[in-house]
Every structure is written in C-alpha cells, then in structure tokens.
Amino acid sequence: MEPDSTAAAGHGFVESGSARCLIVTNNFPPVVGGAGNVYAALAAAAGGRIVVLAAATDYRSGQPVPGLAEHDATADYPLERIAEVRPRLHRKPGPWARIHGMLLEEPRIRRRLWQRVQALVQQHGIRVLCLADEETVGWMIAPAQRRGLKVILYSHGDDLGWWPGASAARMDARRRRYFAQADAIVMVSESGAEDLGRRFGVPRGRITLVPNGVDLSCFGPEGPESGLLGRYGLAGRRVVVTVARLVPRKGIDRLIRALPAVAAAVPDLMHLVVGDG
C-alpha cells in the first residue's frame, strides 16, 4: 500500500456514513505496542462505527512500516493510512534542520493530516474525533470543535514523559491547554489519572478511566506448563513475571537492580521476563 493511499481495509464491512468515531493515531499495528493494539481491538469490536487513520511510515526512521499491506488486508474495520501523522522524531542536528522542520515539515504534515481528517469526517458522518499522541496532534482540537466535533484525548500514560531541555516548559503549557480544551479524556490507569492532575491540573472528574481489556479468546487461566517450568528451572520457586516490550521506559532494568535486595528476603526468587523489543 502506498504511504498516502486512500484505499482502506474493511470498507466492505461498513457503509459510508454509518461510522461515528475517528481515531487518529501514530502508533498502530503492525507497529509493536500496547496502545496500538488497544485501538485496533476497539475498532474491531465496534461493528464499523470506528474508523482509524494511522501513519504508514515509522516516525523514528521515516521508512514505510514493514508488513503494512499484509496487516491492513486482514482488517475487518475501516482503516485508512496517511504517510505521516507526526514529524520525524530524530532529525539531522543543526539549526537549519530545526528551521526546516518548524517552517516546512510540520506545517506540511499538519495541512495534509487535517485535509484527510475533514474528508473522512464528511465521508463517514464522523461525530467524535479521538486523538492519540495528544502532544503531537492536540493542535487539531480547536479546528475540530469549530467544525462541530466532540474531541476525546486518549492517554496510556507513556505519553506523559518529560520533554528534555528548555522546550519542556513550552510543551507542558501547550499540553495543559490541550487537556483543558478536550471534551473528554480517557486514561487507562488510576496512576495515569493522578499524573494528569498533578502535572497538568486536570480535575479527576474530567477523566474517564478505561483499563486496557484482555481478549479472553486468546488469554485465560490454565494449569502449570511443565515444559516451561523445566526449561527455566522454575519448579518449586517463587516467580516474578514481567510481560512487556524490552524498551527503557518499561523500567525492567530497575526491577533487575532491585532483585538482589528482594532475593535476600526470598531466597528462592526467580525473575521471568517475557517479551522482545
């Protein structure tokens, strides 16, 4: 599929005009990540009433997302792709690169994204715009509301990290404004809701808590798996299990550093890490 393709998976699944919500996200399968999986699951369960607009290129490298065409061909919900939802994360260093990004790259991305959003709103009868990655697409709140749309900001907590350097204060002020403008805010955890209040002054009453669900057709309690216990020497041991992508922000390294202190009190402790990254 071309990066700016207007073809969409799942169009045979829903008649034009019957959708009500448009999710705009940079992170979406086949890109690995929990947030994208949540959006895909919501769209799949919505009976065609959710349309997804996702990036076709990796914002870290600027390259097309591997496996995109194969993934999108199997989607049973309306799925649209656009080349970029947000600017590249890493640009070449130097003042000219920053000037190019601010004056040319970002306005171009915003213009194309907003044009595409407006077209999908008209095509599908969209009433609600759900924005992921509010720090990069929160600028759409005001024009969307002027068009009569309700706007939801969907936060998974990982997007509340601190921005480095002098830009942190400016970004925090901008994001505080975005959270104040939004019609509704969804957070996946109570700790994330507390962070929103502490850092951005969002009243708890404005936040709707929607914990991430579990697909019971894939996951369910079973008895001990003897092969796994034997392979890692877990039989008869107390086991701490971490299931996550192996990326720095998950904090697995902190748990590993704390294990010797825990093992002093629990000598038979084992730590099993499940995931890749």
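So, a few notes on the structure that sits alongside this text. (Residues numbered from 1 in each chain as written. Predicted model: local features only at pLDDT ≥ 70, side-chain atom pairs only at ≥ 80, totals over all residues. Heavy atoms only, no water.)

**Concerning the nonpolar core**
Alright, step 1. Of all hydrophobic cores here, the largest spans 54 residues; its most connected members are V24, L113 and V117.
Alright, step 2. In this structure V24 touches L53, V85, L113, V117, L129, C130, L131, A132 and M140, once residues within four positions along its chain are discounted. (Core = buried A, V, L, I, M, F, W, Y, C linked by side-chain atoms within 4.5 Å. Buried < 20%, exposed > 50% of the residue type's maximum accessible area, 1.4 Å probe, protein only. Contact = heavy atoms within 4.5 Å.)

**Considerations on helix α9 (residues 252–265)**
At 3.6 residues per turn, the α-helix brings residues three or four places apart onto the same side.
Alright, step 1. Relative to the 20 Å expected for 14 residues at 1.5 Å per residue, α9 spans 20 Å between its end C-alpha atoms, a close match to the ideal helical length.
Alright, step 2. The sharpest bend along α9 measures roughly 40 degrees and falls at L259, with the proline P260 sitting one to four residues further on. (Helix = DSSP H or I, 4+ residues; strand = E, 2+ residues; numbered from the N terminus. Expected span 1.5 Å × (residues − 1). Bend = angle between axes of the 7 residues up to and from the residue.)

**Regarding the pairing of strand β5 (residues 150–155)**
Alright, step 1. Two elements, strand β4 (residues 128–131) and β5, share four bridges in a ladder whose sense is parallel. Across the sheet, the residue bridging to L131 is L153, located in β5.
Alright, step 2. Alignment of β5 against strand β6 (residues 184–187), held across four bridges, turns out to be parallel. If you follow L153 over to β6, its bridge partner there is I185. (Pairing = 2+ DSSP bridges.)

**A look at the layout of surface pockets**
Alright, step 1. Its volume calculated, the second largest pocket comes out at about 340 Å³.
Alright, step 2. Taken together, V243, A244, R245, P248, R249, K250, G251, D253, R254, V274, G275 and D276 make up the lining of the second largest pocket.
Alright, step 3. When its residues are assigned to classes, the lining of the second largest pocket shows four nonpolar, two polar and six charged. (1 Å grid on protein atoms, 1.4 Å probe; cavity = no way out; pocket = protein on both sides within 12 Å on 5 of 7 lines; lining within 4 Å. Points joined across faces, edges and corners; volume = space filled by probe spheres on them. Nonpolar A, V, L, I, M, F, W, Y, C, P; charged D, E, K, R; others polar.)

**A closer look at helix α1 (residues 34–45)**
Alright, step 1. The terminal C-alpha atoms of α1 lie 17 Å apart, and with 12 residues this matches the ideal 16 Å at 1.5 Å per residue to within 8%.
Alright, step 2. What α1 keeps buried is the set A35, G36, V38, Y39, A40 and A43.
Alright, step 3. Those residues of α1 that are buried lie in contact with β1 (21–25), β2 (50–55) and β5.
Alright, step 4. Trailing α1 by a residue or two, G47 shows a phi angle of about 65 degrees, which is positive.

**Points about the sheet that holds strand β7 (residues 207–209)**
Alright, step 1. Ordered by their spatial adjacency, seven strands build an open sheet running β3-β2-β1-β4-β5-β6-β7, and the pairing between neighbours is parallel. Looking at strand neighbours, the two that pair on one side only are β3 (79–82) and β7, the edges of this open sheet. Averaged over neighbouring strand pairs, the angle between their axes works out to 25 degrees when direction is ignored. (Axes fitted to C-alpha atoms, helices over the stretch in contact; angles between N-to-C directions.)

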